[in-house]
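Each chain, letter by letter, is given below.
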Amino acid sequence: QLPDPKTIAQELTTHSVEVEEIKSTGDFNGIVVGKIEDVQKHPNADRLHVCQVNAGDATHTVVCGGINLSKGMLVAFAQTGSMVNWHGHTDPVELKAASIRGVMSDGMICASEEIGLSQKFPATKEREILDLSPTRAKPGTPLTMLFGGGDTVIDIDNKSMTHRPDLFSHRGMAREIAAVFRLPVTLAVAPRLPRTSSRVAVDIHDVSACRRYVGIEMNVTVGESPDFIRHRLEACGMKSINTIVDITNFILLEFGQPVHAFDADTLNGKITVRRAKKGERIATLDHETHLLDEHILVIADKKGPIAIAGIIGGSDSAVTDQTKRIILEVAHFDAVVTRKASQQLGIRTEGTLRWEKGPSEEMPTESAAAAVELLKAYASGSVRAVTDHYPKKKKQNAVQLSSDEIVRLAGIEIPTHDVKSFFKRLECEVHVRTTKALTTYTITPPWFRMDLHTPEDCIEELIRLYGIDRIPEHQLVATLSTPQHEPEVITMRSVRSTLWALGCTELYNYSFYGDDLVKAVGFRPDKEHIEVLNPLSDDQKYLRVSVVPRMLEVVSRNQHHAETLSVFEIGHVYFSDREVRQLGIMVMDDENAYRIVRGIAESLLAQLSVPFTVNPIQQTADCEFWSMYSSQSALRIDVSDKSAGTIGEIDAGVLKHMDIQKPVAFCVLTIEALTPFQHADFKMKPLSPYPSIPLDLSLIVDQQTPWSEIEHVVSTHAKELLKKITVFDVYVGKGIPDGKKSINFRMILQSDDRTLEMSAMESLRDRIVSDANKRFGALLRDK
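> What is the right way to read helix H15 (residues 593-607) from this model?
Every α-helical turn comprises 3.6 residues, leaving residues that sit three or four positions apart pointing alike. Given a rise of 1.5 Å per residue, 15 residues ought to cover 21 Å, and the 21 Å separating the end C-alpha atoms of H15 matches this to within 8%. Three or more residues of H15 are buried, namely Ala593, Tyr594, Val597, Arg598, Ile600, Ala601, Leu604 and Leu605. Across the axial projection of H15, the buried residues extend over an arc of 160°, all falling on one side. More than 90 degrees from the buried face of H15, the exposed residues found are Arg595, Ala606 and Gln607. Just downstream of H15 lies Ser609, where phi reads positive at about 60°.

> Can you help me understand unusual backbone geometry in this one?
Residues other than glycine predominantly adopt negative phi, and peptide bonds predominantly adopt the trans conformation. Backbone geometry places Arg182, a non-glycine residue, at a positive phi of 55°. Residue placement: Arg182 occurs in the loop between helix H3 (170-181) and strand E12 (202-204). Of note in this structure, Glu427 is not a glycine but carries a positive phi near 65°. Counting through the fold element by element, Glu427 comes out in the loop between helix H10 (416-425) and strand E24 (429-434). Judged by relative accessible area, Glu427 falls into the partly exposed class, the value being 35%.

> I keep staring at the sheet that holds strand E22 (residues 382-389) and nothing clicks. Help me out?
Strand pairs in the sheet, formed through backbone hydrogen bonds, run parallel or antiparallel to each other. An order of E14-E21-E13-E22 is seen for the four strands of this open sheet, with the pairing classed as antiparallel. A single partner strand is all that each edge strand has here, and the edge strands are strand E14 (260-263) and E22. With direction set aside, neighbouring strand axes in the sheet form an average angle of 20°. Seen against the sheet, helix H8 (residues 363-378) touches strand E13 (210-219), strand E21 (325-333) and E22 and runs at an angle of roughly 15° to E13.

> What is the right way to read the nonpolar core from this model?
In summary, soluble globular proteins display a tendency toward joint burial of nonpolar side chains. Counting residues in hydrophobic clusters, the biggest one holds 34 residues, and the most contacted among them are Val548, Leu552, Met586, Ile650, Val664 and Phe666. In terms of residues, this core owes the most to one element, helix H14 (residues 548-558), which gives five residues. Leaving out residues up to four positions away in the same chain, Ile650 has contacts with Val548, Leu552, Met628, Ser630, Leu655, Val664 and Phe666. Judged by nonpolar contacts, the second largest core, of 33 residues, contains Val17, Ala179, Leu426 and Tyr441.

Calculation notes
Residues numbered from 1 in each chain as written. Predicted model: local features only at pLDDT ≥ 70, side-chain atom pairs only at ≥ 80, totals over all residues. Heavy atoms only, no water. Helix = DSSP H or I, 4+ residues; strand = E, 2+ residues; numbered from the N terminus. Expected span 1.5 Å × (residues − 1). Buried < 20%, exposed > 50% of the residue type's maximum accessible area, 1.4 Å probe, protein only. Arc of directions from axis to C-beta. Pairing = 2+ DSSP bridges. Axes fitted to C-alpha atoms, helices over the stretch in contact; angles between N-to-C directions. Contact = heavy atoms within 4.5 Å. Core = buried A, V, L, I, M, F, W, Y, C linked by side-chain atoms within 4.5 Å.

The structure is reproduced here in structure tokens:
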């Protein structure tokens, strides 16, 4: 025997799904059809009437304030003891006989809102009584015979078991209740689809997106649905439309199988399941027109799309009262394709809800037969042609499960006969093999269970039915220890705190980008990039190989809110053979972006005690990442004689693509190269006892000559004597040839073992000038 609704709700919530509410659909107990035999004015009240109401078994005197009462009118008569929504009460109250202005009233003539029928029969005027005369029902007929009701509705919000497509149907819930309460379940089976000499012409272009398509051509008569169908749809929150549409919705709710009916006489040629063409449009049943593209799967004829597959039908092929012939679609659409199309178009339907859960391809076998049976019974349906396009039949794979695995994951030992019983209740095939040390179960799920793939899945089902509350408590014993921090995490903390102190703002970007951004920065998606198999959108198609492109997007969006920008980001970049944490620093400034970003980078490295050198680099090999760099200036940062990153300016062409108005420079460093120095054992070095010599030099060079080249020449000749080098003036103007600039810098020279002679230092200066002249045409500026 089925338990009461409260017990069902409690046990379902404990074992399976969350029950939100238990409610009744129009509880009309004690409310019958009454016929007004006589109407008289109330002797003591101008707005009241005294009526004689024939309730079938007796005639009752009733005082009523309705404005539309008339002799012979059929009304909803609430007998004493029934529950009604009495005026001023939020909850139904029990009706009792009462004296109203001196007249005894035995019952109540009801308005629609007083018995929960206001949506079905909205009142047009105040104090209007529900007129049931059009029903021609006999007095005494219970209202449940007219409007259904008296049912208990268990409202389930299936948030916790979204991987269970079978639980989005009444049949699935019936199986679940039977399994939880150890009850037998018997589901009606419709006769198989008839074999026909004719076939519905169907062509499927994308079999991965539509793995099965059952098309059934039928002659039908469109009319009003029988009461039991209308009542059940209304109880589930669906509006009755006509027999054809109602039956498709009925199958949707019972089986979890979305079904759609096309008016066959509106179709032009065979049905084709294909991707939409870019720019195609369709007017749908929601009275909207949607623009389609090649990502959306559609059902089409020769003229164009007639439905968006798995989501909504087109208005041009909709079933109407004049429809005589339909094509019934009972198909299987891919969950991902349907969900993406639904999100792109902003359409959410009952069909979409079920397709995105990934139901079984076997479901159309039963649901199509049931739909045909209902159409034959209630729409005078007759089958003309049937097509079942099912190229690759779905087969359930068996899962191997051992008793040791059950103990390890469940924490308890469940007897073999109980394990077998639980899986039998889930309609699984179970084979048991027992040895001295181990019991092994081979579990084959039924066709409707698409979620049982691994031993862990099966053990979860086992624990769920066994009852989590039956698992005994165990005290957890663990050893607490100081966590070992990943070295790079400590480095990143130091980097962040230093860059914050230097006035930089941290960014957090996605680790993906798309073709547009890749091409804008000059990268090639076919080189180095790893493509995401199931991207959330087109602009998240590839794993990034650099943090710079997304940082440029941020600069582009924010450039009008500040004169200068200094930002940084730490994130993962991905290559085919490795994953690297990368630091990106970026500066936007009118003229000094390059020098600012270099200063920030060098200050950071100094603060982190990282010994480094910088060397100018020029692009000579084919490298896609170089396309971001301006050819004017780029530095390689070396740490421990290995490249740790680069400093450069963004190419003007890239800035134009990104619509950035000011110069932008950047630095990229690998966190891995900085990490060893966070825990290095530094030793103090005594100051040199010998005096230092300041040596100023002024060189005239081409304006395009970067400072890094001059610095490289100086460090090459001065070597360990060079303690510091500082630029104190860059001059362009009178006395300097066009296209040239004067760079004035000071070198601090000092030896650790001797006093330097000025003559030797002047000789060093001459060698620096001579080498700079040979390398890039530098000239010593005359005073």
